[in-house]
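Here is what each chain is made of, one letter per residue.
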Amino acid sequence: MRISKLRHLTLAAALAFGLLTSAPVMAQGTQTAPSGTMAPPVATKTSPTAGAKSETPKTELLDINSATAEQLDALPGVGKAYSAAIIKGRPYKGKDELVKKKIVPEKTYDGIKDKIIAKQK
């Protein structure tokens, strides 16, 4: 019985030590000025694009009302059958009509919706 209590005590101590040593160390984030007010943040040198949105070139959206069968075939998940159905169902008021009119399944539409547009004449 005495050994059992010793094992539990040792296990609890080891667990507590493990938790204390694995806890993240917090650094003080602000400095206090001598007058007791907060010191202004220190300016750090960063790259010119830090904080700005990445400037990736925007890909041109494919107009489903005027695209050729080859252009539609190039879309992910769209083959010859879907491209022919898209062309047959023209004109579209909005790109979401591809799903509403059951031209393409929802999963296929989710893969191409950011790459297409339905321009009006």
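All of the points below concern the structure found in this document. (Residues numbered from 1 in each chain as written. Predicted model: local features only at pLDDT ≥ 70, side-chain atom pairs only at ≥ 80, totals over all residues. Heavy atoms only, no water.)

## Comments concerning the side chain of Asp63
Argument step 1. Summarising the element assignment, Asp63 is placed in strand β1 (residues 62–63).
Argument step 2. Of the side chains with opposite charge, Lys119 comes closest to the buried, unpaired Asp63, at an N-O distance of 5.7 Å.
Argument step 3. A distance of 2.9 Å separates the side chain of Asp63 from the side chain of Ser66, its partner in a polar contact.
Argument step 4. In contact with Asp63, other than residues within four places in its own chain, are Ile117, Ala118 and Lys119. (Helix = DSSP H or I, 4+ residues; strand = E, 2+ residues; numbered from the N terminus. Buried < 20%, exposed > 50% of the residue type's maximum accessible area, 1.4 Å probe, protein only. Lys, Arg positive; Asp, Glu negative; His and termini not counted. Salt bridge = Lys/Arg side-chain N within 4 Å of Asp/Glu carboxyl O. Polar contact = N/O pair within 3.5 Å; in protein donor to acceptor, adjacent residues only side chain to side chain. Contact = heavy atoms within 4.5 Å.)

## A few points about the side chain of Asn65
Argument step 1. Relative to the helices and strands, Asn65 is located in the loop between β1 and α2 (69–73).
Argument step 2. Of note is the side chain of Asn65, whose polar atom sits 2.7 Å from the backbone nitrogen of Tyr92.
Argument step 3. Filtering out sequence-adjacent residues up to four positions away, Asn65 remains in contact with Arg90, Pro91, Tyr92, Ala118, Lys119 and Gln120.

## Quick notes on the pattern of salt bridges
Argument step 1. Following the criterion strictly, the structure yields three salt bridges and no others.
Argument step 2. Across the salt bridge formed by Lys101 and Glu97, the nearest N and O atoms sit 3.6 Å from each other.
Argument step 3. The closest approach of N and O atoms between Asp110 and Lys113, which form a salt bridge, is 3.9 Å.
Argument step 4. On the basis of relative accessibility, which here comes to 31%, the residue Lys113 falls in the partly exposed class.

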